[in-house]
Amino acid sequence: MTIDILGDAEACASRAAEALAALQRDDGHWVFELEADATIPAEYVLLKHYLGEPRNAVLEAKIGRYLRRIQANHGGWPLFHGGAFDVSASAKAYFALKMIGNDIGAPHMERARAAILAAGGAEAVNVFTRIQLALFAAGPWRTVPTLPVELILLPRWFPIHLSKMSYWARTVIVPLLVLAALRPVARNPSGVRVDELFTGKPAPLSSKAANAKRLWQAFFGGLDRVLKAVEPLWPKRRRRHAIEACVAFVTERLNGEDGLGAIYPAMANSVMMFDCLGYAEDHPHRAIARRSVEKLLVVGEDEAYCQPCVSPVWDTALAAHAMMEAGGEGNERRADAALAWLKPLQVLDVKGDWAGERPEVRPGGWPFQYRNADYPDLDDTAVVVMAMERAKGRTGETCDEAIARGVEWTAGLQSRDGGWGAFDADNSHHYLNNIPFADHGALLDPPTTDVTARCVSMLAQLGETDTSRMKAALAFLEKEQEADGSWFGRWGVNYIYGTWSALCALNAAGVASDAQMVRKAIDWLISIQNADSGWGEDCASYALDYRGYAAAPSTASQTAWALLGLMAAGEIGHPAVERGVRHLIATQDERGLWGQDAYTGGGFPRVFYLRYHGYPAYFPLWAVARYRNLKRSNQSRVAFGM
């Protein structure tokens, strides 16, 4: 039996490595599509009509086909494949399709409209959708919570300050402050509105934050009413000064053709800000901001959509790990080429927004995207450093300085509670998730299990175990473990992702496989294995009323995470592991890859999810190759941090 599965695993890993190698770019990097929900492509259509740009009928038709294809049986659009109806995503998709020219009497439009009205209509949408409607004079500004543009001028110590918000909130909100202050109206040459989506009945905003408090919400709700009352009285000179400060913030961080914050909402808002301030289309700032948006398009023969951002550093680092696991001269050569591509992308000369909290720390991180110097992240940095350290036997000392600076920057951004956030240290001002504007519940970037685990894995892989910062990090992980033995996954779906991350960290840090928190995690992972021997988890597990794991169809990436976690914990010989490996072998397709429509990436819990097209390419290869390697070497646990 073991001989048979080892031969099958060898063949599976070889086919997968060959397929992954074929997808590598000539310069050594990998980048896969990154798909969100209907919101981003719909907003792209609306942006073009907002600006009054010449219509591209071919592109619009392709986006229309994409939006119609992902419309769900419930009539609207979900936040992830197979998900429940979401009124905000549905309202934007409907608006975009109508803007493209779809007849509102068409069956798909009638079904969408009926579903939206049944859910409370356009009055029930979230803050960002209310703003989108207001910019088209298709909805009232009075229902949009007030964030005065003067917020940019407040001192850092003030309880509500941009520095206390996450990087993504900062970059999205700053140009939005200008739009909210000036309230421009879209050019909208076609004059399309969506009056038919309104019921005439107001609907309150509801927070999706896990730690929302009624008293805080009541306080901030009252403050919003006061701000609305006094807004006409703001001194005009101070308002002009605030707008100038917002423009300065944006232009300092424009990030070339990679865009403000390298994320679509911030990019689009910057374009609209420049437009409403009278910047000509060929003005360098507006022009480069506009080009950054176009670079996010994925245009196929029949369909097109707009990505929320791109993920080349993340994809390349993880694919390099998978290729090193696969082994062999050719695969290792491809991993080395990937690391050579990654090395110059390290940010060594820019102190980004993170330095506001840690001014004494030298820069040294990697971003998620091609370029995002102001906002490198801890997760990418840890994964890149681990790959570089793992390859040192072949690359020698060429990456020593890059590794050292990456470790220095990562260690310098550890939060006071022992954990790490994604982009900032101590970004844990949870009361801010109660402001009406933060109905999405994702205004902050607090420490999380998955990012902390990656940082622990990196430090341990480089030989650090018994230090005060490592002890604090391990204490953080222990505190974050759920009663059932799992860990919450902030940036991947969900408890499978968090548990895999934590088990890898505990293994790297030398925590014994019979330690209580390790045993509990092992037992939990084994208990949720599906009848088909794979693992799966739905994005609905982020629900505020989550009461424990609910069965979901197996996916290639989540099966790989569960296997990697169990193997890190020393369970290479458990029957569940062999069954899981057999599941991956059996589900590999003729290309040597795995199909996966499910969204297993996290953007914002309960609000925004991601389908990483690369996950079913490199994670299953990694898991199958690791199983083969451990079985052949008779080792119980892997020596690397991941």
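Residues numbered from 1 in each chain as written. Predicted model: local features only at pLDDT ≥ 70, side-chain atom pairs only at ≥ 80, totals over all residues. Heavy atoms only, no water.

(A) How the structure looks around the overall build of the chain. Secondary structure summary: the chain contains 23 helices and five strands in total. Its C-alpha atoms give the chain a radius of gyration of 24 Å, near enough to 26 Å, the size a compact globule of 642 residues would have. Seen through its principal axes, the chain has C-alpha atoms that stretch 75 × 55 × 50 Å. Burial statistics for the chain: of 642 residues in total, 62% are counted as buried. The long-range share in the chain, meaning contacts at least 24 apart out of those at least 6 apart in sequence, stands at 75%. Carbon and sulfur atoms make up 54% of the accessible area of the chain, which totals about 23,800 Å². In the chain, 66 side chains carry a positive charge and 73 a negative one; their mean positions are 5 Å apart. (Helix = DSSP H or I, 4+ residues; strand = E, 2+ residues; numbered from the N terminus. Rg over C-alpha atoms; globule rule 2.2 N^0.38 Å. Buried < 20%, exposed > 50% of the residue type's maximum accessible area, 1.4 Å probe, protein only. Contact = heavy atoms within 4.5 Å. Areas by Shrake-Rupley, 256 points an atom, 1.4 Å probe, with all protein chains shown as cover. Lys, Arg positive; Asp, Glu negative; His and termini not counted. Charge placed at Lys NZ, Arg CZ, Asp CG, Glu CD.)

(B) Layout of the nonpolar core. Grouped together as the largest cluster of nonpolar side chains are 223 residues, with contacts concentrated most on Leu 20, Tyr 618 and Leu 621. Sort the elements by how many residues they give to this core and helix α23 (residues 615-633) lands first, with eleven residues. Aside from chain neighbours lying at most four places away, what touches Tyr 618 is Leu 20, Phe 32, Trp 314, Asp 315, Leu 318, Ala 319 and Ala 322. (Core = buried A, V, L, I, M, F, W, Y, C linked by side-chain atoms within 4.5 Å.)

(C) Focus on empty space enclosed by the protein. For the coordinates displayed, the defined rule picks out one cavity of 30 Å³ or more. Approximately 140 Å³ is the volume found for the largest cavity. Surrounding the largest cavity, 15 residues form its lining, Val 144, Pro 145, Thr 146, Leu 147 and Ala 180 being those nearest its centre. A total of four residues in the lining of the largest cavity trace back to one element, the largest contributor, which is helix α7 (residues 167-182). (1 Å grid on protein atoms, 1.4 Å probe; cavity = no way out; pocket = protein on both sides within 12 Å on 5 of 7 lines; lining within 4 Å. Points joined across faces, edges and corners; volume = space filled by probe spheres on them.)

(D) Structural detail: the sheet that holds strand β5 (residues 608-612). With antiparallel pairing, three strands are arranged side by side in an open sheet as β1-β5-β4. Both edges of this open sheet fall to β1 (34-35) and β4 (601-604), since each of them pairs with a single strand only. With two bridges joining them, β1 and β5 adopt antiparallel strand pairing. Each residue of the ladder has a partner; that of Leu 34, found in β5, is Tyr 612. (Pairing = 2+ DSSP bridges.)

(E) Highlighting the packing of helix α21 (residues 556-568) against α23. The interhelical angle for the contact between α21 and α23, taken along N-to-C directions, is 30°, at an axis separation of 8 Å. It follows that α21 is roughly parallel to α23 by the angle criterion. Two packed elements cross with a definite hand, and for α21 against α23 that hand is left-handed. In this structure, α21 uses Ala 556, Ser 557, Ala 560, Trp 561, Leu 563, Leu 564 and Met 567 to contact α23, whose residues at the interface are Tyr 615, Pro 616, Phe 619, Pro 620, Trp 622, Ala 623, Arg 626, Tyr 627 and Leu 630. Its residues assigned to classes, the contact of α21 with α23 shows 14 nonpolar, one polar and one charged. (Axes fitted to C-alpha atoms, helices over the stretch in contact; angles between N-to-C directions. Parallel < 35°, antiparallel > 145°, perpendicular 65-115°, else oblique. Left-handed = near helix turned anticlockwise from the far one by under 90°. Nonpolar A, V, L, I, M, F, W, Y, C, P; charged D, E, K, R; others polar.)

(F) Structural detail: the side chain of Thr 448. By the secondary structure assignment, Thr 448 is in the loop between α16 (400-412) and α17 (449-461). With relative accessibility at 11%, the residue Thr 448 sits in the buried group. Within the structure, Thr 448 has its side chain in polar contact with the side chain of Asp 450 (distance 2.7 Å). Not counting chain neighbours up to four residues away, the residues in contact with Thr 448 comprise Trp 420, Phe 476, Arg 490 and Trp 491. (Polar contact = N/O pair within 3.5 Å; in protein donor to acceptor, adjacent residues only side chain to side chain.)

(G) View of the packing of aromatic side chains. This model, assessed by the stated rule, comprises 33 aromatic pairs. Consider the rings of Trp 341 and Tyr 370, whose centres lie 6.0 Å apart with planes at 85°: the pair is edge-to-face. Of this pair, Trp 341 sits in helix α13 (residues 329-342) while Tyr 370 sits in the loop between α13 and α14 (378-390), placing them 29 residues apart in sequence. Given the relative accessible area of 13%, Trp 341 is considered buried. Taken together, a centroid distance of 4.8 Å and an interplanar angle of 75° make the contact between Tyr 497 and Trp 561 edge-to-face. Pair noted here: Tyr 497 is in helix α19 (residues 495-508) and Trp 561 is in helix α21, with a separation of 64 residues, a long-range link. (Phe/Tyr/Trp six-rings, centres within 6.5 Å; stacked < 30°, edge-to-face > 60°.)

(H) Expanded view of unusual backbone geometry. If you check the backbone angles, Ala 137 has positive phi at about 55° while not being a glycine. Mapped onto the elements, Ala 137 comes out in the loop between α6 (127-135) and α7. You can call Ala 137 partly exposed: its relative accessible area is 35%. Unlike most non-glycine residues, Asn 255 shows phi in positive territory, near 70°.

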